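Structural overview for review
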Amino acid sequence: LLYSVFTVLFIYFTCIPTVQTTDCLHLKEHCINAGNGCESVWNVVEDACNISVLGNRCKAEDTVGCKRIIQVLANEYPEFKNCVCTTDDICSITTLLGKQCSINKDDISVETKLQWGLSALSKQAYTTNRSCLDVNRQCVEDEVCNKQLSLYLKVCSVNKKCNVEGCQAAIRFFYRNMPFEVAQMMIFCDCIQHDDSCHRAKELLHGKPCAVTVAPPPSCLNVIHTCEENELCRKKYTTFRSKCWRHVTKKCYNDEACLVTLIKDDMPCSANADCKAAYISNWGTMLHTECTCQNLPPMEQPLCELFHHMLHSKSCFS
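This is a predicted model, so every value here is computed, not measured.

1. Re the overall build of the protein
- Tallying secondary structure elements over the protein gives 16 helices and two strands in all.
- Once local pairs closer than 6 in sequence are excluded, the contacts in the protein between residues at least 24 apart make up 70%.
- With the model as given, the accessible surface of the protein reaches about 16700 Å², and the carbon-plus-sulfur share is 55%.

Now the structure itself:
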């Protein structure tokens, strides 16, 4: 009888990973068909982990990128929480996809480099108005940054038909994985007027045109209302308002009748590190989309312009 108990326990515990992997693959199918943005993040998982469409097999040569986008998937869609772990360097990949994934173990050392910061970029003190061409060049020359940037540009490429949601997910993944000093260096970079090479680098770093420029551009009112209907976006917008525009949040919260009474001079922006982090977190959501207040009824103009100021005015960070 004792032998039988141990046999049953042995079979049970050795079967757990297989059962869990099966459950995780079932979640993957649900994710693809859910229609809630999960498919876009999963598409980035496929790119980062090099998952083949046929047979669902992968060879995750970029262990760092693959692990981190799987973690993003679990953070944004908590049903995947049991499909990731942090006990070792390959655990997240093998737990999610089981024996279907193989790892380039030589790449694992790159994980340590990312944990301690990007070698060339993160050692520099943050300064405003860095040239986007200069920042882009330094990222390309940095082993870890270049790997992250390559994945992001692959997903956001306009040479093929742009997948807006997939590109937005890639942008969230990219900036989330950059140390804060590096992320703000990239997001707040700038160009002089006639430097075409710099402007092209700026568009690449800032997700244009795929994830930012929509034709025709939506109204800023529509962007805010659509964001509030999406759980991920709503959380980021709430954090952004509380960290950057505390006066607005404290005085009006979500009362649009109250917001209309505000003018820009009533809106001091905190512009501190928490505010910058919240602003960076908006990138890769619809809040980052270029919006307009043209062609709206006169009664809607003031509120729209207020939202445009909050989302796109760089005066907060000048």
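2. Focus: the packing of aromatic side chains
- What the rule picks out here adds up to seven aromatic pairs.
- Taken together, a centroid distance of 6.5 Å and an interplanar angle of 20° make the contact between Trp-42 and Phe-80 stacked. Here Trp-42 is found in helix α2 (residues 38-49), whereas its partner Phe-80 is found in the loop between α3 (63-76) and α4 (91-97), with 38 residues between them in sequence.
- What makes Phe-80 buried here is its relative accessible area of 1%.
- Ring centres of Tyr-279 and Trp-283 lie 6.2 Å apart, and the angle between their planes is 70°; this geometry places the pair in the edge-to-face category.
- A connected cluster of aromatic rings, assembled from ring pairs, spans Tyr-152, Phe-174, Tyr-175, Phe-188, Phe-240, Tyr-279 and Trp-283.

3. A word on the pattern of salt bridges
- Applying the stated criterion across every chain yields a total of five salt bridges.
- A salt bridge links Lys-28 to Glu-29, with the shortest nitrogen-to-oxygen separation between them at 3.2 Å.
- Owing to a relative accessible area of 8%, Lys-28 belongs among the buried residues under this scheme.
- One salt bridge in this structure joins Lys-202 and Asp-190, with 3.2 Å as the shortest N-O distance. Residue Lys-202 is found in helix α10 (residues 196-205), and its partner Asp-190 is found in the loop between α9 (180-187) and α10; the two are separated by 12 residues along the sequence.
- Here Asp-190 falls in the partly exposed class, since its relative accessible area comes to 33%.

4. Here we look at unusual backbone geometry
- Cis geometry marks the peptide bond from Lys-208 to Pro-209; its omega dihedral reads -5°.
- Along the chain, Pro-209 turns up in the loop between α10 and α11 (220-228).
- A cis amide bond links Ala-215 to the next residue, Pro-216, at an omega of -10°.
- Residue placement: Pro-216 occurs in the loop between α10 and α11.
- Backbone geometry places Asn-295, a non-glycine residue, at a positive phi of 65°.
- As for its position among the elements, Asn-295 is in the loop between α15 (273-282) and α16 (301-312).
- A relative accessible area of 78% means that Asn-295 is categorised as exposed.

5. Quick notes on the confidence of the model for the protein
- Per-chain confidence: the protein averages 75 in pLDDT, with 72% of residues scoring 70 or above.
- Across the protein, α11 holds the top mean pLDDT of 92, while helix α5 (residues 109-115) sits lowest at 47.
- Predicted confidence for residues 1-21 stays below pLDDT 50, and this span has eight contacts to residues more than four positions away or in other chains.
- Segment residues 106-113: pLDDT under 50, and 18 contacts once partners within four positions in sequence are set aside and those in other chains are kept.

6. Considering the side chain of Arg-241
- Counting through the fold element by element, Arg-241 comes out in helix α12 (residues 231-244).
- Buried and without a salt bridge, Arg-241 has Glu-228 as its closest oppositely charged side chain, separated by 5.4 Å.
- Setting aside residues no more than four positions away along its own chain, Arg-241 makes contact with Arg-246, Val-248, Thr-249, Tyr-253, Asn-254, Leu-259 and Met-310.

7. Some points on the state of the cysteines
- If you walk through the whole model with that rule in mind, you get nine disulfides.
- At a sulfur-sulfur separation of 1.9 Å, the disulfide partner of Cys-132 is Cys-189. Here the S-S torsion is close to 95°, and the disulfide linking Cys-132 with Cys-189 is therefore right-handed. Pair noted here: Cys-132 is in helix α6 (residues 132-141) and Cys-189 is in the loop between α9 and α10, with a separation of 57 residues, a long-range link. Side by side, Cys-132 and Cys-189 carry an identical accessibility label, which is buried.
- For Cys-227, the disulfide goes to Cys-233, at an S-S distance of 2.1 Å. Taking the sign of the S-S torsion, -110° for the link of Cys-227 and Cys-233, the bridge is left-handed.
- The class for Cys-233 is buried, based on a relative accessible area of 2%.

Parameters and conventions
- Residues numbered from 1 in each chain as written.
- Predicted model: local features only at pLDDT ≥ 70, side-chain atom pairs only at ≥ 80, totals over all residues.
- Heavy atoms only, no water.
- Helix = DSSP H or I, 4+ residues; strand = E, 2+ residues; numbered from the N terminus.
- Contact = heavy atoms within 4.5 Å.
- Areas by Shrake-Rupley, 256 points an atom, 1.4 Å probe, with all protein chains shown as cover.
- Phe/Tyr/Trp six-rings, centres within 6.5 Å; stacked < 30°, edge-to-face > 60°.
- Buried < 20%, exposed > 50% of the residue type's maximum accessible area, 1.4 Å probe, protein only.
- Salt bridge = Lys/Arg side-chain N within 4 Å of Asp/Glu carboxyl O.
- pLDDT = per-residue confidence, 0-100.
- Lys, Arg positive; Asp, Glu negative; His and termini not counted.
- Disulfide = S-S within 2.5 Å.

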